[in-house]
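Descriptive analysis of the structure
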Amino acid sequence: MSEMITADLVDLDLSADSKEAAARALAERMVALGRVTDLDGFLADVAAREAQMPTGLDGGIGIPHCRSEHVTEPTLAFGRSAAGIDFGAADGPADLIFLIAAPAGADDAHLTILSSLARQLMNAEFTDALRSAADAGAAAALIRGEEPDGTGGVPEGIEDSEDSVDSVAVPAAASAGAATGIATGSPDVGPEEGPQNGSEEGPRNGPDDGPAERGRPFRVVAVTSCPTGIAHTYMAAESLEKAGREAGVEVVVETQGSAGFTRLDPAVIEAADGVIFAHDVPVRDKDRFAGKPTVDTGVKAAINRPGELIDEVRGKAARGEVTAAGAAGAAGTDGASGTTPVERGGKPGEGYGTKLRVWLMSGVSYMVPFVAAGGLLIALGFAIGGYEINKAPSVMDHFVWSQADSWAALLFQVGGVAFAFLVPVLAGYIAYGMADRPGLVPGFVGGSIALTVNAGFLGGLAAGLISGAVVMAIQRVRIPAALRGIMPVVVIPLISSAVVGFLMFVVIGKPIASAQKAMTDWLSGLSGANAVLLGALLGLMMCFDLGGPVNKVAYAFATAGIAVADPSDSAMKIMAAVMAAGMVPPLAMALATTVRGKLFNAAERENGKAAWVLGASFISEGAIPFAAADPLRVIPSSMVGGALTGALSMAFGATLRAPHGGIFVVPLIGNPLLYLVAIAAGVCVTTALVIVLKGLRKPAPGAVSQGPGGTDPSAPSPEAKQPVAA
């Protein structure tokens, strides 16, 4: 393997004035050495990672990084800026910029070396030496952990320091601690062991140190993780370990990074007095840490204020605040990340409105797959067997393999079963978003009761919120340690289900059912101008945040109307209007990049190609890259086109029984030709507005005029692959 950084990858006079320009300048050095094959594709991956979370750190450090299929081997480029560049750190611009590039399929050895570098960035001697390095070769040698050839300005003692940069250059096998999660410089303490520093005079617990045994330091186990798993994960671990040493606290960290992770020894977790989760992706196997004082925060908090986190967990231990068994469960035990942050009921400091939105979105997000699968199966049943297929007998009693009607009935009935889960799943996962796994049982029970009493979609919303609130209230009760093991399995499901059942059957079920019936009757009576205005409103909502909460509210409103065995004509019109409006933004962006490509940069033109397919498939998120780059022009233009399409769809009387599918379910649409006209009208209006508004400003950075024959000289070659988000 060639050296990860050489003098050619160092720029000690980086003149860029923005983080994008800095990334481009350093990436061009990687391209010149053949380490990166597609500059624009790689920069798009860097930008995608930057959009997830700023990569600036306190102390004047910027670490843009990503994993990308455009990288041939793990590479590090370093730039030093005299003026400083804003990477989003709280303390101001960064003067030390490290661009870390890892291949999409990088092996563990390479990633471990990169993680070792990330740890060294927390060493002030290391960063001071880089600021004083006299030439590129000396800086590269310092980062590699080698003795510089010249007078690179390496201060005496750095090679011998506890946190020496030698760890950057050692083989992966010797650096495995970075991936295993065992804290450097922290004792590996089992339940029977005391401090391993060989001193009787080690740190002692004060009155506020929590339940630690007298005669040994306070013990903390921590988990760190970030979306890419290369830099922030390991820097947070190093920062916590360093703060722990300074405070006399034993800190053992499990780093859940790209190089994989080794679970902490259960004995180490059992012996711990507190837990710190510093993460921006779900913690894997989170249940292991239940029943202990816990601080849950983002990964950058562990980098910027580790001492405060340690003090916070010690304070919780002193007050006896612990997580209920089962309450620490994540979205799954395989580490898979969901589409919404449902593993905890809102982050500390968030307002009630923000938490409520997250809770509701968690339920809707889990409900959507049932809507799509069930709705499409029902629609296929209608397409094959006609609209009388809903009167067919059960396929358990009558099924003929050679008859199309039997297959149509099978599809319809399977889809109906899937649809029957909509309200229970909605309620269950709203409760899950609030109280995690203990909320599932009362949530599903409450959702099923909502169906029983005909409270429908509104009943599901209420049941989910009530279930989550009841479980959260139970979890606040101080429980003796002997009973904690049965709480998530017996006590919480039993009590919460009984309370929710009583409220849904006896107290609020009938009023909600009456409200649901009134709403259904109102929708059924819509006609003329009222229907057109409703279509315009739903179109505005679908295009306001492109897959966000407002978009999902409109979509859930539409799907709730058709989630019955025999939906009304008005409900099917609403579903048609919502889907048509949701297709407008991505299709319009695709058309705009085709007819006026010079108004968009290379990455946007590539995204425009994908937007054709995404828009045609009714995936509004296909327009998000354009809205994120230019929200003041793209979002209002999309809303105008979406409102027009929604209004026209309602005016034309188009109907739709399927909740998803885009142009692929056009044969199932009532008045399909006029429906396509409505979509085309909205797309053309949005495209025209975007082109006009973008034409009033200077061309986008990276946009170029098209060359002879309409070709773009800067466009990637046809065989270039799509960027992969880091």
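Everything below is about the structure shown above.
The present account deals with the structure reproduced in this document. All figures in this text were calculated on a predicted structure; none of them were measured in a lab. Once a new chain begins, its residue numbering starts again from 1 and follows that chain's sequence as written. Two thresholds apply to this predicted model, a pLDDT of at least 70 for residue-level local features and 80 or more for giving and counting side-chain atom pairs, whereas whole-chain, interface and lining totals are computed over all residues. Computation of side-chain values: all heavy atoms of the structure, hydrogens and water removed.

Our next topic: the overall build of the protein. Put simply, DSSP marks the helices as runs of H or I at least four residues long and the strands as runs of E at least two long, and each gets a number from the N terminus on. Scanning the protein from N- to C-terminus turns up 24 helices and ten strands. Within the protein, the proportion of its 726 residues that are buried is 51%. Sequence-distant contacts in the protein: of pairs separated by 6 or more residues, those separated by 24 or more amount to 74%. Here, Shrake-Rupley sampling with a 1.4 Å probe gives the accessible areas, and only protein chains in the shown set may cover a residue. Of the accessible surface of the protein, which amounts to about 29,900 Å², a share of 61% is contributed by carbon and sulfur atoms. Only protein chains enter the accessibility calculation, which uses a 1.4 Å probe; a residue whose area is less than 20% of its type maximum is buried, one above 50% is exposed, and one in between is partly exposed. Throughout, a contact is declared for two residues whenever any of their heavy atoms are within 4.5 Å.

What follows is about the packing of aromatic side chains. For Phe, Tyr and Trp, where Trp contributes only its six-membered ring, two rings pair if their centres lie within 6.5 Å, and the inter-plane angle classes them as stacked under 30 degrees, edge-to-face over 60, or tilted in between. Taken as a whole, this structure holds twelve aromatic pairs when the rule is applied. Where phenylalanine 399 meets tryptophan 401, the ring centres are 5.6 Å apart and the plane angle is 80°; that geometry is what we call edge-to-face. Relative accessible area serves as the criterion here: at 68%, tryptophan 401 is assigned to the exposed category. Joined through ring pairs, the aromatic side chains of Tyr366, Tyr429, Tyr432 and Phe444 make up one cluster. When the NZ atom of lysine or the CZ atom of arginine is within 6 Å of a ring's centre and also within 35 degrees of its normal, the charge is said to sit over that ring. Directly above the aromatic system of phenylalanine 218 lies the positively charged group of arginine 314, at a separation of 5.7 Å from the ring centroid.

On to the pattern of salt bridges, then. Side chains carrying opposite charge are able to pair once their charged atoms draw close together. In the sections that follow, a salt bridge refers to a side-chain nitrogen of Lys or Arg positioned within 4 Å of a carboxyl oxygen of Asp or Glu. Considering all chains together, one arrives at 17 salt bridges under this definition. When salt bridges with common partners are traced through the structure, they connect Asp95, Asp128 and Arg131 into a single cluster.

Helices are assigned an expected span. That span is 1.5 Å times one less than the residue count. Look at helix H8 (residues 232–247): 22 Å from first C-alpha to last across 16 residues, which is about the 22 Å you get at 1.5 Å a residue. A large share of H8 lies buried, amounting to twelve of its 16 residues. If you check which residues of H8 are buried, you get His232, Thr233, Tyr234, Met235, Ala236, Ala237, Glu238, Ser239, Leu240, Glu241, Ala243 and Gly244. Just past H8, the residue glycine 248 takes up positive phi, approximately 70°.

Right, let's talk about helix H13 (residues 404–420) for a bit. Its 17 residues place the ends of H13 24 Å apart at the C-alpha level, agreeing with the 24 Å of an ideal helix rising 1.5 Å per residue. Those residues of H13 that fall on the buried side of the exposure criterion are Ser406, Ala408, Ala409, Phe412, Gly415, Ala418 and Phe419.

Before going further, it helps to examine the packing of helix H20 (residues 569–595) against helix H23 (residues 631–652). With their axes 8 Å apart at the nearest point, H20 and H23 run at an angle of 145° to one another. As H20 packs across H23, the resulting crossing turns out to be right-handed. When H20 is examined against H23, the residues Lys573, Ile574, Ala576, Ala577, Ala580, Ala581, Val584, Pro585 and Met589 are found in contact with a partner set consisting of Val634, Ser638, Gly641, Gly642, Thr645, Gly646, Ser649 and Met650. Think of each axis as a best-fit line through the C-alpha atoms, taken over the contacting stretch in the case of a helix, with angles from 0 to 180 degrees between the N-to-C directions. Helix crossings are classified by the rotation of the near helix relative to the far one: an anticlockwise turn of less than a right angle makes the crossing left-handed, while a clockwise turn makes it right-handed.

Bringing the nonpolar core into the picture now. Core analysis: the biggest nonpolar cluster contains 69 residues, and Phe42, Phe78, Phe98, Leu130, Ile143 and Ile276 have the highest contact counts within it. Looking at this core, the element that brings in the most residues is strand S6 (residues 94–103), giving seven residues. Aside from chain neighbours lying at most four places away, what touches phenylalanine 42 is Ala27, Met30, Val36, Cys66, Ser68, His70, Val71, Leu99 and Ala101. To define a nonpolar core, start from buried Ala, Val, Leu, Ile, Met, Phe, Trp, Tyr and Cys residues and group those joined through side-chain atoms within 4.5 Å. Core analysis: the second largest hydrophobic core is formed by 65 residues, Met434, Met589, Val665 and Leu668 among them.

On to the side chain of histidine 65. Structurally, histidine 65 is set in strand S4 (residues 65–68). The definition of a polar contact used here is a pair of N or O atoms within 3.5 Å, where within protein one atom must be able to donate a hydrogen and the other to accept one, and adjacent residues in sequence count solely through side-chain atom pairs. Looking at histidine 65, its side chain comes within polar contact range of the side chain of arginine 49, at 3.5 Å. Separated by 2.5 Å, the side chain of histidine 65 and the backbone oxygen of isoleucine 63 make a polar contact.

The next thing to look at is the sheet that holds strand S8 (residues 250–255). Each strand in a sheet pairs with its neighbour through backbone hydrogen bonds, running either in the same direction (parallel) or in the opposite one (antiparallel). Here four strands make up an open sheet; going across it, the order is S8-S7-S9-S10 and the pairing parallel. The open sheet has two edge strands, S8 and strand S10 (294–297), and neither has a second partner. Taken over all neighbouring pairs, the strand axes of this sheet differ in orientation by 15° on average, direction set aside. Two elements, strand S7 (residues 219–225) and strand S9 (residues 274–279), share six bridges in a ladder whose sense is parallel. Bridging across to S9, serine 225 finds its partner in histidine 279. The sheet strands contacting H8 are S7, S8 and S9, and the helix crosses S8 at an angle near 175°. With respect to the sheet, helix H11 (residues 306–319) is in contact with S7, S8, S9 and S10, its orientation differing from that of S10 by roughly 145°. When DSSP finds two or more bridges between two strands, those strands count as paired.

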